[in-house]
There are 2 protein chains.
Amino acid sequence: MATEIQKNFKEKNAQYASQFTQGHLALPPAKKYLIVTCMDARIDPSAAFGVDLGDAHIIRNAGASARDALRSVLVSQLLLGTREVLLVKHTGCGMLTFSNADARSLLAQSRGAAALDAVRDLDFLPFGDLDDAVREDVRFLKEGELADRGIAVTGWVYDVQTGGVRQVV
Amino acid sequence: MATEIQKNFKEKNAQYASQFTQGHLALPPAKKYLIVTCMDARIDPSAAFGVDLGDAHIIRNAGASARDALRSVLVSQLLLGTREVLLVKHTGCGMLTFSNADARSLLAQSRGAAALDAVRDLDFLPFGDLDDAVREDVRFLKEGELADRGIAVTGWVYDVQTGGVRQVV
(Lines give C-alpha, C1' and ligand atoms only; values in the text may rest on other atoms or scores of the structure.)
Protein backbone atom coordinates (compact mmCIF):
# COMPACT_ATOMS: atom_id res chain seq x y z
CA MET A 1 0.00 0.00 0.00
CA ALA A 2 1.25 3.44 -0.92
CA THR A 3 2.38 5.73 1.89
CA GLU A 4 1.08 9.30 2.20
CA ILE A 5 4.40 10.50 0.81
CA GLN A 6 4.13 8.24 -2.25
CA LYS A 7 0.51 9.34 -2.83
CA ASN A 8 1.49 13.01 -2.64
CA PHE A 9 4.39 12.37 -5.04
CA LYS A 10 2.13 10.69 -7.63
CA GLU A 11 -0.70 13.22 -7.32
CA LYS A 12 1.51 16.31 -7.50
CA ASN A 13 3.48 14.80 -10.38
CA ALA A 14 0.28 14.05 -12.32
CA GLN A 15 -0.68 17.72 -12.04
CA TYR A 16 2.81 18.76 -13.17
CA ALA A 17 2.80 16.35 -16.13
CA SER A 18 -0.66 17.53 -17.24
CA GLN A 19 0.73 21.03 -17.79
CA PHE A 20 4.24 20.05 -18.92
CA THR A 21 5.44 21.71 -22.13
CA GLN A 22 9.23 21.19 -22.04
CA GLY A 23 9.68 17.71 -23.41
CA HIS A 24 11.87 19.06 -26.19
CA LEU A 25 14.84 20.04 -23.98
CA ALA A 26 18.23 18.52 -24.83
CA LEU A 27 20.36 16.39 -22.49
CA PRO A 28 23.39 18.74 -22.16
CA PRO A 29 22.71 21.79 -19.96
CA ALA A 30 21.88 24.72 -22.26
CA LYS A 31 23.88 27.25 -20.21
CA LYS A 32 26.82 24.86 -19.66
CA TYR A 33 27.13 25.25 -15.90
CA LEU A 34 26.62 23.21 -12.79
CA ILE A 35 25.68 24.00 -9.23
CA VAL A 36 26.87 21.96 -6.26
CA THR A 37 24.70 22.58 -3.22
CA CYS A 38 23.35 20.87 -0.10
CA MET A 39 20.47 18.38 0.14
CA ASP A 40 18.99 20.62 2.89
CA ALA A 41 15.18 20.75 2.75
CA ARG A 42 15.20 24.56 3.00
CA ILE A 43 16.92 25.08 -0.36
CA ASP A 44 15.01 25.22 -3.67
CA PRO A 45 17.88 25.76 -6.14
CA SER A 46 15.73 26.38 -9.22
CA ALA A 47 13.82 29.20 -7.53
CA ALA A 48 16.54 30.59 -5.24
CA PHE A 49 19.36 30.45 -7.77
CA GLY A 50 17.40 31.36 -10.92
CA VAL A 51 17.89 28.11 -12.82
CA ASP A 52 15.44 27.58 -15.68
CA LEU A 53 14.61 24.02 -16.67
CA GLY A 54 17.30 22.63 -18.97
CA ASP A 55 19.95 25.23 -18.10
CA ALA A 56 22.26 23.60 -15.53
CA HIS A 57 23.20 20.42 -13.73
CA ILE A 58 22.35 20.54 -10.03
CA ILE A 59 24.31 18.24 -7.73
CA ARG A 60 23.14 17.99 -4.12
CA ASN A 61 24.60 16.09 -1.18
CA ALA A 62 25.01 16.47 2.57
CA GLY A 63 26.97 19.69 3.04
CA ALA A 64 27.48 20.52 -0.67
CA SER A 65 30.74 18.60 -0.58
CA ALA A 66 32.88 18.99 -3.70
CA ARG A 67 34.86 15.85 -2.88
CA ASP A 68 31.72 13.77 -2.53
CA ALA A 69 30.44 15.28 -5.80
CA LEU A 70 33.61 14.47 -7.76
CA ARG A 71 32.18 11.65 -9.90
CA SER A 72 29.19 13.78 -10.89
CA VAL A 73 31.32 16.88 -11.54
CA LEU A 74 33.59 14.90 -13.87
CA VAL A 75 30.61 13.41 -15.74
CA SER A 76 29.09 16.88 -16.09
CA GLN A 77 32.30 18.45 -17.40
CA LEU A 78 33.82 15.64 -19.46
CA LEU A 79 30.71 14.11 -21.00
CA LEU A 80 28.15 16.89 -20.98
CA GLY A 81 30.28 19.96 -21.58
CA THR A 82 29.69 22.18 -18.54
CA ARG A 83 32.32 24.94 -18.17
CA GLU A 84 31.47 26.71 -14.90
CA VAL A 85 30.76 25.69 -11.30
CA LEU A 86 28.87 27.52 -8.55
CA LEU A 87 29.48 25.85 -5.18
CA VAL A 88 26.82 26.91 -2.64
CA LYS A 89 26.90 25.93 1.03
CA HIS A 90 24.46 27.45 3.53
CA THR A 91 23.94 28.79 7.02
CA GLY A 92 22.56 26.41 9.64
CA CYS A 93 23.95 23.36 7.85
CA GLY A 94 23.57 20.01 9.61
CA MET A 95 27.20 19.22 8.77
CA LEU A 96 28.28 21.87 11.30
CA THR A 97 26.56 19.98 14.13
CA PHE A 98 28.26 16.58 14.47
CA SER A 99 31.56 14.72 14.21
CA ASN A 100 32.49 11.49 12.45
CA ALA A 101 32.52 9.83 15.88
CA ASP A 102 28.92 10.97 16.51
CA ALA A 103 27.75 9.59 13.17
CA ARG A 104 29.51 6.26 13.74
CA SER A 105 28.01 5.95 17.18
CA LEU A 106 24.48 6.59 15.83
CA LEU A 107 25.04 4.08 13.04
CA ALA A 108 26.17 1.37 15.45
CA GLN A 109 23.23 2.05 17.78
CA SER A 110 20.54 1.98 15.10
CA ARG A 111 21.89 -0.60 12.64
CA GLY A 112 24.41 -2.68 14.50
CA ALA A 113 28.08 -3.59 14.33
CA ALA A 114 27.94 -5.07 10.80
CA ALA A 115 26.66 -1.75 9.43
CA LEU A 116 29.39 0.16 11.21
CA ASP A 117 31.97 -2.28 9.89
CA ALA A 118 30.64 -1.86 6.32
CA VAL A 119 31.49 1.85 6.31
CA ARG A 120 34.57 1.79 8.52
CA ASP A 121 36.43 4.00 6.05
CA LEU A 122 33.57 6.38 5.29
CA ASP A 123 34.22 10.04 6.06
CA PHE A 124 30.89 11.74 6.75
CA LEU A 125 32.60 15.03 5.84
CA PRO A 126 31.30 17.28 8.62
CA PHE A 127 32.97 20.68 8.87
CA GLY A 128 33.63 23.25 11.57
CA ASP A 129 33.69 26.60 9.76
CA LEU A 130 31.34 27.42 6.92
CA ASP A 131 33.44 29.92 4.96
CA ASP A 132 36.59 27.83 5.34
CA ALA A 133 34.71 24.81 4.01
CA VAL A 134 33.58 26.82 0.96
CA ARG A 135 37.14 27.98 0.29
CA GLU A 136 38.55 24.48 0.68
CA ASP A 137 36.01 22.97 -1.73
CA VAL A 138 36.60 25.67 -4.34
CA ARG A 139 40.34 25.00 -4.05
CA PHE A 140 39.70 21.29 -4.54
CA LEU A 141 37.76 21.98 -7.75
CA LYS A 142 40.12 24.65 -9.10
CA GLU A 143 43.57 23.53 -8.08
CA GLY A 144 43.68 19.77 -7.68
CA GLU A 145 45.26 17.45 -10.20
CA LEU A 146 41.75 16.79 -11.54
CA ALA A 147 41.02 20.46 -12.20
CA ASP A 148 40.61 22.10 -15.58
CA ARG A 149 42.01 25.65 -15.34
CA GLY A 150 39.58 26.78 -18.04
CA ILE A 151 36.56 26.15 -15.81
CA ALA A 152 35.38 29.06 -13.62
CA VAL A 153 34.64 28.07 -10.01
CA THR A 154 33.10 30.38 -7.41
CA GLY A 155 32.00 29.68 -3.82
CA TRP A 156 28.91 31.08 -2.06
CA VAL A 157 26.88 30.89 1.13
CA TYR A 158 23.07 30.79 1.02
CA ASP A 159 21.31 32.18 4.09
CA VAL A 160 18.34 29.95 4.97
CA GLN A 161 16.80 32.75 7.06
CA THR A 162 16.88 35.50 4.43
CA GLY A 163 16.95 33.52 1.18
CA GLY A 164 19.97 35.56 0.02
CA VAL A 165 23.43 34.52 -1.20
CA ARG A 166 26.86 35.93 -0.36
CA GLN A 167 30.02 35.28 -2.35
CA VAL A 168 32.95 33.84 -0.38
CA VAL A 169 35.42 33.26 -3.16
CA MET B 1 34.96 40.05 -13.19
CA ALA B 2 31.69 38.21 -12.79
CA THR B 3 30.59 35.89 -15.59
CA GLU B 4 27.09 36.10 -17.10
CA ILE B 5 26.17 32.99 -15.11
CA GLN B 6 27.34 34.58 -11.83
CA LYS B 7 25.45 37.81 -12.64
CA ASN B 8 22.26 35.88 -13.40
CA PHE B 9 22.68 33.90 -10.14
CA LYS B 10 23.04 37.07 -8.05
CA GLU B 11 20.24 38.98 -9.78
CA LYS B 12 17.70 36.15 -9.68
CA ASN B 13 18.63 35.40 -6.08
CA ALA B 14 18.16 39.03 -5.06
CA GLN B 15 14.63 38.91 -6.49
CA TYR B 16 13.97 35.63 -4.64
CA ALA B 17 15.32 36.97 -1.33
CA SER B 18 13.26 40.16 -1.63
CA GLN B 19 10.07 38.07 -1.54
CA PHE B 20 11.30 35.31 0.79
CA THR B 21 9.00 34.50 3.73
CA GLN B 22 10.20 31.08 4.93
CA GLY B 23 13.15 31.89 7.15
CA HIS B 24 11.46 30.14 10.05
CA LEU B 25 11.77 26.59 8.66
CA ALA B 26 13.56 24.02 10.83
CA LEU B 27 16.65 22.02 9.81
CA PRO B 28 15.10 18.50 9.86
CA PRO B 29 12.78 17.82 6.90
CA ALA B 30 9.20 18.36 8.09
CA LYS B 31 7.82 15.35 6.20
CA LYS B 32 10.78 13.10 7.13
CA TYR B 33 11.59 11.82 3.66
CA LEU B 34 14.34 12.09 1.13
CA ILE B 35 14.48 11.93 -2.65
CA VAL B 36 17.51 10.65 -4.56
CA THR B 37 17.44 11.80 -8.16
CA CYS B 38 19.72 12.76 -11.05
CA MET B 39 21.59 16.05 -11.55
CA ASP B 40 20.03 16.20 -15.06
CA ALA B 41 19.16 19.76 -16.11
CA ARG B 42 15.68 18.72 -17.23
CA ILE B 43 14.51 17.75 -13.73
CA ASP B 44 13.03 20.27 -11.28
CA PRO B 45 12.32 18.03 -8.27
CA SER B 46 10.41 20.62 -6.21
CA ALA B 47 7.93 21.25 -9.01
CA ALA B 48 7.82 17.81 -10.64
CA PHE B 49 7.70 15.80 -7.42
CA GLY B 50 5.56 18.13 -5.31
CA VAL B 51 8.11 18.99 -2.64
CA ASP B 52 7.29 22.09 -0.60
CA LEU B 53 10.18 24.04 0.90
CA GLY B 54 11.28 22.44 4.18
CA ASP B 55 9.61 19.06 3.55
CA ALA B 56 12.33 16.72 2.25
CA HIS B 57 16.03 16.24 1.61
CA ILE B 58 16.87 16.13 -2.09
CA ILE B 59 20.07 14.37 -3.09
CA ARG B 60 21.17 14.67 -6.71
CA ASN B 61 24.10 13.10 -8.54
CA ALA B 62 24.95 11.73 -11.98
CA GLY B 63 22.42 8.95 -12.58
CA ALA B 64 20.65 9.14 -9.20
CA SER B 65 23.08 6.56 -7.84
CA ALA B 66 22.17 5.19 -4.41
CA ARG B 67 25.72 3.97 -3.84
CA ASP B 68 27.20 7.36 -4.61
CA ALA B 69 24.56 8.93 -2.32
CA LEU B 70 25.33 6.65 0.61
CA ARG B 71 27.05 9.23 2.83
CA SER B 72 24.20 11.71 2.35
CA VAL B 73 21.50 9.06 2.85
CA LEU B 74 23.08 8.01 6.15
CA VAL B 75 23.37 11.63 7.34
CA SER B 76 19.73 12.22 6.40
CA GLN B 77 18.46 9.13 8.19
CA LEU B 78 20.77 8.92 11.22
CA LEU B 79 21.16 12.59 12.07
CA LEU B 80 18.07 14.25 10.63
CA GLY B 81 15.44 11.58 11.10
CA THR B 82 14.14 10.85 7.58
CA ARG B 83 12.18 7.58 7.37
CA GLU B 84 11.33 7.15 3.70
CA VAL B 85 13.23 7.23 0.39
CA LEU B 86 11.98 7.86 -3.15
CA LEU B 87 14.68 6.94 -5.68
CA VAL B 88 13.95 8.55 -9.08
CA LYS B 89 16.00 7.86 -12.22
CA HIS B 90 14.85 9.15 -15.62
CA THR B 91 14.55 8.46 -19.34
CA GLY B 92 17.30 9.76 -21.59
CA CYS B 93 19.88 9.69 -18.79
CA GLY B 94 23.46 10.49 -19.75
CA MET B 95 24.64 7.50 -17.70
CA LEU B 96 23.11 5.20 -20.34
CA THR B 97 25.39 6.65 -23.02
CA PHE B 98 28.98 5.86 -22.03
CA SER B 99 31.27 3.32 -20.36
CA ASN B 100 33.94 3.70 -17.69
CA ALA B 101 36.53 3.29 -20.46
CA ASP B 102 34.97 6.21 -22.41
CA ALA B 103 35.08 8.45 -19.32
CA ARG B 104 38.68 7.55 -18.53
CA SER B 105 39.71 8.23 -22.09
CA LEU B 106 38.05 11.67 -22.06
CA LEU B 107 39.67 12.46 -18.71
CA ALA B 108 43.14 11.55 -19.96
CA GLN B 109 42.66 13.56 -23.16
CA SER B 110 41.43 16.72 -21.48
CA ARG B 111 43.34 16.74 -18.18
CA GLY B 112 46.33 14.47 -18.66
CA ALA B 113 47.79 11.31 -17.18
CA ALA B 114 48.10 12.67 -13.61
CA ALA B 115 44.36 13.31 -13.51
CA LEU B 116 43.59 9.85 -14.79
CA ASP B 117 45.96 8.38 -12.22
CA ALA B 118 44.29 10.35 -9.42
CA VAL B 119 40.96 8.60 -10.03
CA ARG B 120 42.24 5.21 -11.13
CA ASP B 121 39.77 3.45 -8.82
CA LEU B 122 36.78 5.71 -9.54
CA ASP B 123 33.71 3.95 -10.92
CA PHE B 124 31.72 6.48 -12.95
CA LEU B 125 28.68 4.22 -12.39
CA PRO B 126 27.17 4.21 -15.87
CA PHE B 127 24.35 1.69 -16.41
CA GLY B 128 22.89 -0.23 -19.33
CA ASP B 129 19.23 -0.75 -18.41
CA LEU B 130 17.16 1.90 -16.69
CA ASP B 131 14.62 -0.23 -14.84
CA ASP B 132 17.28 -2.73 -13.74
CA ALA B 133 19.37 0.13 -12.36
CA VAL B 134 16.36 1.39 -10.36
CA ARG B 135 15.73 -2.09 -8.94
CA GLU B 136 19.39 -2.58 -8.06
CA ASP B 137 19.60 0.75 -6.24
CA VAL B 138 16.41 0.10 -4.29
CA ARG B 139 17.81 -3.28 -3.28
CA PHE B 140 21.03 -1.59 -2.13
CA LEU B 141 19.05 0.80 0.09
CA LYS B 142 16.61 -1.79 1.41
CA GLU B 143 18.59 -4.97 1.78
CA GLY B 144 22.26 -4.20 2.30
CA GLU B 145 23.97 -4.46 5.65
CA LEU B 146 23.51 -0.69 5.99
CA ALA B 147 19.75 -0.81 5.52
CA ASP B 148 17.13 -0.07 8.14
CA ARG B 149 14.15 -2.34 7.51
CA GLY B 150 11.83 0.26 9.01
CA ILE B 151 12.53 2.73 6.19
CA ALA B 152 10.24 2.55 3.13
CA VAL B 153 12.12 2.67 -0.21
CA THR B 154 10.44 2.89 -3.61
CA GLY B 155 11.96 3.25 -7.10
CA TRP B 156 10.61 5.36 -9.97
CA VAL B 157 11.36 6.56 -13.49
CA TYR B 158 10.71 10.17 -14.52
CA ASP B 159 10.01 10.72 -18.22
CA VAL B 160 11.81 13.88 -19.39
CA GLN B 161 9.54 14.09 -22.44
CA THR B 162 6.18 13.91 -20.64
CA GLY B 163 7.07 15.14 -17.14
CA GLY B 164 5.39 12.06 -15.65
CA VAL B 165 6.64 9.38 -13.24
CA ARG B 166 6.19 5.60 -13.31
CA GLN B 167 6.79 3.30 -10.36
CA VAL B 168 9.28 0.48 -10.97
CA VAL B 169 9.44 -1.06 -7.52
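Overview of the structure. (Residues numbered from 1 in each chain as written. Chains lettered and ligands numbered in written order. Predicted model: local features only at pLDDT ≥ 70, side-chain atom pairs only at ≥ 80, totals over all residues. Heavy atoms only, no water.)

### Things to note about the interface of chain B and chain A
Basically, it comes down to this: The contact criterion used is simple: two residues touch if any of their non-hydrogen atoms lie within 4.5 Å. Two parts placed together each lose some accessible area; with a 1.4 Å probe, that loss summed over both constitutes the buried area. Each reported salt bridge corresponds to a side-chain nitrogen of Lys or Arg within 4 Å of a carboxyl oxygen of Asp or Glu.
The interface of chain B with chain A comprises 86 residues on the first partner and 86 residues on the second. Between chain B and chain A, roughly 7,500 Å² of surface is buried when both sides are summed, and carbon and sulfur atoms account for 63% of that area. Broken down residue by residue, the surface that chain B buries against chain A is led by Phe9(B), Arg71(B) and Arg111(B), which jointly contribute 12%. For the pair chain B and chain A, the interface holds 2 salt bridges.

### A word on the packing of aromatic side chains
For clarity, the threshold we go by: A pair of Phe, Tyr and Trp rings is counted when the ring centres sit within 6.5 Å of each other, with Trp represented by its six-membered ring. The angle between the planes then sorts it: under 30 degrees is stacked, over 60 is edge-to-face, the rest tilted. Think of it this way: any DSSP run of H or I at least four residues long counts as a helix, any run of E at least two long counts as a strand, and we number them from the N terminus. For the exposure calls, accessible area comes from a 1.4 Å probe over protein chains only, and a residue counts as buried if that area is under 20% of its type's maximum, exposed if over 50%, partly exposed in between.
Inspection of the entire model under this criterion finds 8 aromatic pairs over all chains. Seen in terms of ring centroids, Phe9(A) and Phe49(B) are 5.3 Å apart; in terms of plane orientation they differ by 55 degrees. Their pairing is tilted. Taken together, the residues span two chains, with Phe9(A) in helix H1 (residues 4–18) and Phe49(B) in the loop between helix H2 (45–48) and strand E2 (56–61). An identical accessibility class is assigned to Phe9(A) and Phe49(B); each is buried. Joined through ring pairs, the aromatic side chains of Phe9(A), Phe49(B), Trp156(B) and Tyr158(B) make up one cluster.

### Observations regarding the pairing of strand E3 (residues 84–90) of chain A
Residues in a regular strand point their side chains to alternate faces of the sheet. Residue and element names in this part refer to chain A. Put simply, the rule reads: If DSSP finds at least two bridges between two strands, the strands pair.
Burial within E3 is extensive, with 7 of its 7 residues counted as buried. The alternating pattern of E3 places Glu84, Leu86, Val88 and His90 on one face and Val85, Leu87 and Lys89 on the opposite face, and all of these are buried. Taken together, the 5 bridges between strand E1 (residues 33–38) and E3 define a ladder with parallel strand orientation. Bridge pairing links threonine 37 to valine 88 in E3.

### Some details on the relation of the copies chain B and chain A
Cut-off, in case you're wondering: When the copies are overlaid, the least-squares fit takes in C-alpha atoms only where the residue has pLDDT of at least 70 in both copies.
Of the transformation superimposing chain B on chain A, the axial component is 0.0 Å and the angular component is 180 degrees, with the fit at an RMSD of 0.0 Å. Look at the turn and shift together and you get a two-fold axis relating the two. Residues of chain B ranked by C-alpha distance from the rotation axis are headed by Arg60(B), positioned 2.3 Å from it.

### Brief notes about the pairing of strand E3 (residues 84–90) of chain B
All names here are of chain B. As judged from the 4 bridges shared by strand E1 (residues 33–38) and E3, these two strands associate in the parallel manner. The residue bridging valine 36 from the neighbouring strand is leucine 87, located in E3. Pairing of E3 with strand E4 (residues 152–158) involves 7 bridges; the strand directions are parallel. For lysine 89, the partnering residue across the bridge sits in E4 and is valine 157.

### So, the side chain of Asn61(A)
As a reminder of what qualifies: Whenever a nitrogen or oxygen atom comes within 3.5 Å of another N or O atom, the pair is scored as a polar contact, on the condition that within protein one atom can donate a hydrogen and the other can accept it, and that pairs from neighbouring residues in sequence are kept only if both atoms are in side chains.
As for its placement among the helices and strands, Asn61(A) is situated in strand E2 (residues 56–61). Here the side chain of Asn61(A) touches Ala64(A) through a polar contact of 3.1 Å, landing on its backbone nitrogen. A distance of 3.3 Å separates a polar atom in the side chain of Asn61(A) from a polar atom in the side chain of Asp68(A). Discounting chain neighbours no more than four positions away, the residues touching Asn61(A) are Thr37(A), Cys38(A), Met39(A), Asp68(A), Ala69(A), Arg71(B) and Ser72(B).

### Side note on the environment of Cys38(A)
All names here are of chain A. Mapped onto the secondary structure, cysteine 38 falls in strand E1. As a C-alpha pair, cysteine 38 and alanine 133 span 95 residues in sequence and 13 Å in three-dimensional space. With residues near it in sequence (within four places) discarded, cysteine 38 still touches Ile43, Arg60, Asn61, Ala62, Gly63, Ala64, Val88, His90 and Cys93.

### Quick word on the side chain of Thr82(A)
All names here are of chain A. Positionally, threonine 82 belongs in the loop between helix H3 (70–80) and E3. The exposure class of threonine 82 is buried, given its relative accessible area of 0%. A distance of 2.7 Å separates a polar atom in the side chain of threonine 82 from a polar atom in the side chain of serine 76.

### Things to note about the packing of H3(A) against helix H4 (residues 100–111) of chain B
Formally: Between the N-to-C directions of two axes lies an angle of 0 to 180 degrees, each axis being a line fitted to C-alpha atoms and, for a helix, fitted only over the stretch in contact. Between 65 and 115 degrees an angle is taken as roughly perpendicular, under 35 as roughly parallel, over 145 as roughly antiparallel, and anywhere else as oblique. Three classes are used: nonpolar for Ala, Val, Leu, Ile, Met, Phe, Trp, Tyr, Cys and Pro, charged for Asp, Glu, Lys and Arg, and polar for all others, with Gly counted as polar.
Following both chains from N to C, one finds H3(A) and H4(B) inclined at 75 degrees, their axes separated by 10 Å at the closest point. With respect to H4(B), the element H3(A) is oriented roughly perpendicular. Contact residues: H3(A) offers Leu74(A), Gln77(A), Leu78(A) and Leu79(A), while H4(B) offers Ala103(B), Leu106(B), Leu107(B), Ser110(B) and Arg111(B). When the residues that make up the contact of H3(A) with H4(B) are grouped by side-chain class, the tally is 6 nonpolar, 2 polar and 1 charged.

Function cannot be inferred from these measures alone, as they are strictly geometric.
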